[in-house]
Amino acid sequence: MKQATGSPMSAAEDRELLRRLHKEGDVRAREHLVARHLPLVRSLARRYAGRGEPLEDIEQVGAIGLLKAIDRFELEREVSLATYATPNVVGEIKRHFRDKGWAIRVPRALQELNARMSSTIERLTSRLGRSPSIAEMASELGVTPEEVLEALEVGSAYTTLSLSAGPGGDDDGDPLESIGEEDTNFERTEHRASLEPALHHLPSREREILRMRFEEGLPQTQIAERVGLSQMHVSRLIRKSLAAMRDELD
Amino acid sequence: MPEHVTLEVPLDEAFVSVVRMIVSGVAERAELAFEDMDDLQLAVERLLAEAGHEGRASLSFELGAGYVRTRIGPLRERGLAEALQRLDRAPGQLTLAWVLDTVVDSYGVEESSGDGIVVRLEKLVGEPA
């Protein structure tokens, strides 16, 4: 994937994409901009790692800041998008931590347990060849099943979905669509067409995850493998996407 | 002999996380895999989201050999019973019936009276750990 580097050439490319987005309403240009600046988001998110929240969640929040920066950018500005986006991304991450009251309300031990949960599930799933039970997770982590459930619930309280991406339009060539192998199953293609209108307001990755879950009937573990996220993260994205779709109907 | 757990919960959104915790606790006792527990939680959440937020409902669990049967009701939201029976996958809509059909092994309306409906959600326990 092509990435922005900060060179004059890439800054010029950013400007051209911003022009297409803001002057012509080209949503594909927005997706290109997001893809080009995701490394910046990851770099900024890493500064906030180790505070009891999975890095991938912090990156998701940071990506929302990036999207806001892209949408608010005024072409008359003399600054580069990277310069303009940085405080937006950091601000979004800080607001997230503040809104969650994470460090204040949740005991540190539970924060740490939650942070270990994702990798534990992945390790056990790989070792056992199936989704682990809560008792197996507790045993692996050296805690009680109740503590595992508490830590899972703490994690589920997050709101990290990047729904502010807006309509994604056509999928072809979408740089945000971080899917793995392409499925050529004809039946799936047929269903895909039928579900598309329901998902069109979701970002492309969430659309693909919902398709895999509800059209192909894939379990979360397989979806997680395909999209390169943890199972817990996939679970949260499914939950939040369904809630957002429901809210849209109201 | 199956074990039974029954309690009454407000349908207010503020109690959804409480219901989640209860579902996860019961699922743990039934030895559901993490993934299946998550599916059951999602099924209950989606059902409650469609059921309106007024009043209270009974939430009961039956933990049998190889299954967890959850019953929720009475739910009075108009159109809910019809939505649950709409098994055909409506083009362009990720319906409640479609979601439930995916995440639980079976579901249905067990009772329907003037007071509302009782919905059954059943999840099978996979291979023993």
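So, here is what we can say about the structure in this document. (Residues numbered from 1 in each chain as written. Chains lettered and ligands numbered in written order. Predicted model: local features only at pLDDT ≥ 70, side-chain atom pairs only at ≥ 80, totals over all residues. Heavy atoms only, no water.)

Time to look at the overall build of chain A. When you go through chain A residue by residue, the secondary structure sums to 12 helices and 0 strands. Listing the helices and strands of chain A from first to last along the sequence gives α-α-α-α-α-α-α-α-α-α-α-α. By residue count, 51% of the 250 residues in chain A fall in the buried class. On chain A, roughly 11600 Å² of surface is accessible, and the fraction owed to carbon and sulfur atoms is 52%. (Helix = DSSP H or I, 4+ residues; strand = E, 2+ residues; numbered from the N terminus. Buried < 20%, exposed > 50% of the residue type's maximum accessible area, 1.4 Å probe, protein only. Areas by Shrake-Rupley, 256 points an atom, 1.4 Å probe, with all protein chains shown as cover.)

Turning to the interface of chain B and chain A, a few remarks are in order. Across the boundary between the two partners, chain B contributes 30 residues, which contact 36 residues of chain A. Contact between chain B and chain A buries roughly 2800 Å² in total, counting both sides, with carbon and sulfur atoms accounting for 58%. Contact with chain A buries surface across chain B, with Phe34, Glu35 and Leu94 of chain B losing the most and accounting together for 25% of the total. In this structure, Arg20 of chain B engages Glu153 of chain A in a salt bridge whose closest nitrogen and oxygen atoms are separated by 3.1 Å. (Contact = heavy atoms within 4.5 Å. Buried area = accessible area lost by both parts, 1.4 Å probe. Salt bridge = Lys/Arg side-chain N within 4 Å of Asp/Glu carboxyl O.)

Further remarks concern the packing of aromatic side chains. What characterises a pair of aromatic rings is the spacing of the ring centres plus the angle enclosed by the ring planes. Residue and element names in this part refer to chain A. Counted according to the given criterion, the structure contains 1 aromatic pair over all chains. Seen from their ring centres, Phe73 and Tyr84 are 5.4 Å apart, and the 80° between their planes marks the pair as edge-to-face. Of the two residues, Phe73 sits in the loop between α3 (55–72) and α4 (81–100) while Tyr84 sits in helix α4, which places them 11 residues apart along the sequence. Looking at Phe73, the relative accessible area reads 3%, which means it is buried. (Phe/Tyr/Trp six-rings, centres within 6.5 Å; stacked < 30°, edge-to-face > 60°.)

All names here are of chain B. Position of Glu122 relative to the elements: it lies in strand β5 (residues 116–124). In terms of polar contacts, Glu122 uses its side chain to reach the side chain of Arg69, at 2.6 Å. Excluding its chain neighbours within four sequence positions, the residues that come into contact with Glu122 are Tyr67, Val68, Arg69, Val104, Asp105 and Ser106. (Polar contact = N/O pair within 3.5 Å; in protein donor to acceptor, adjacent residues only side chain to side chain.)

Met117 and Leu152 of chain A together with Leu75 and Leu121 of chain B are the most contacted members of the largest nonpolar core, which has 71 residues in total. Sort the elements by how many residues they give to this core and helix α2 (residues 34–50) of chain B lands first, with 8 residues. Discounting chain neighbours no more than four positions away, the residues touching Leu121 of chain B are Ala43, Val44, Leu47, Val68, Arg69, Thr70, Ile72, Leu100, Val104, Ser106 and Tyr107 of chain B. Formed by 26 residues, the second largest nonpolar core is a distinct cluster that contains Leu38, Ala45, Phe73 and Tyr84 of chain A. (Core = buried A, V, L, I, M, F, W, Y, C linked by side-chain atoms within 4.5 Å.)

Here the focus is helix α7 (residues 134–141) of chain A. Restricting attention to buried positions, one finds in α7 of chain A the residues Ile134, Glu136, Met137, Ala138 and Leu141 of chain A. Looking one or two residues past α7 of chain A, Gly142 of chain A carries a phi angle of roughly 70°, positive in sign.

Evaluation of the coordinates by the stated rule reveals 31 salt bridges over all chains. We note a salt bridge from Arg30 of chain A to Asp71 of chain A, for which the minimum N-O separation is 3.1 Å. Of the two residues, Arg30 of chain A is situated in helix α2 (residues 27–46) and Asp71 of chain A in helix α3; the sequence distance between them amounts to 41 residues. Given the relative accessible area of 33%, Asp71 of chain A is considered partly exposed. We note a salt bridge from Glu45 of chain B to Arg20 of chain B, for which the minimum N-O separation is 2.4 Å. Placement of the pair is Glu45 of chain B in helix α2 and Arg20 of chain B in helix α1 (residues 16–29), with a sequence separation of 25 residues. Take Arg20 of chain B: its relative accessible area is 8%, and that puts it in the buried class. Here the salt bridges do not stand alone but share partners, grouping Glu62, Arg69, Arg71, Glu110, Arg120 and Glu122 of chain B into one network.

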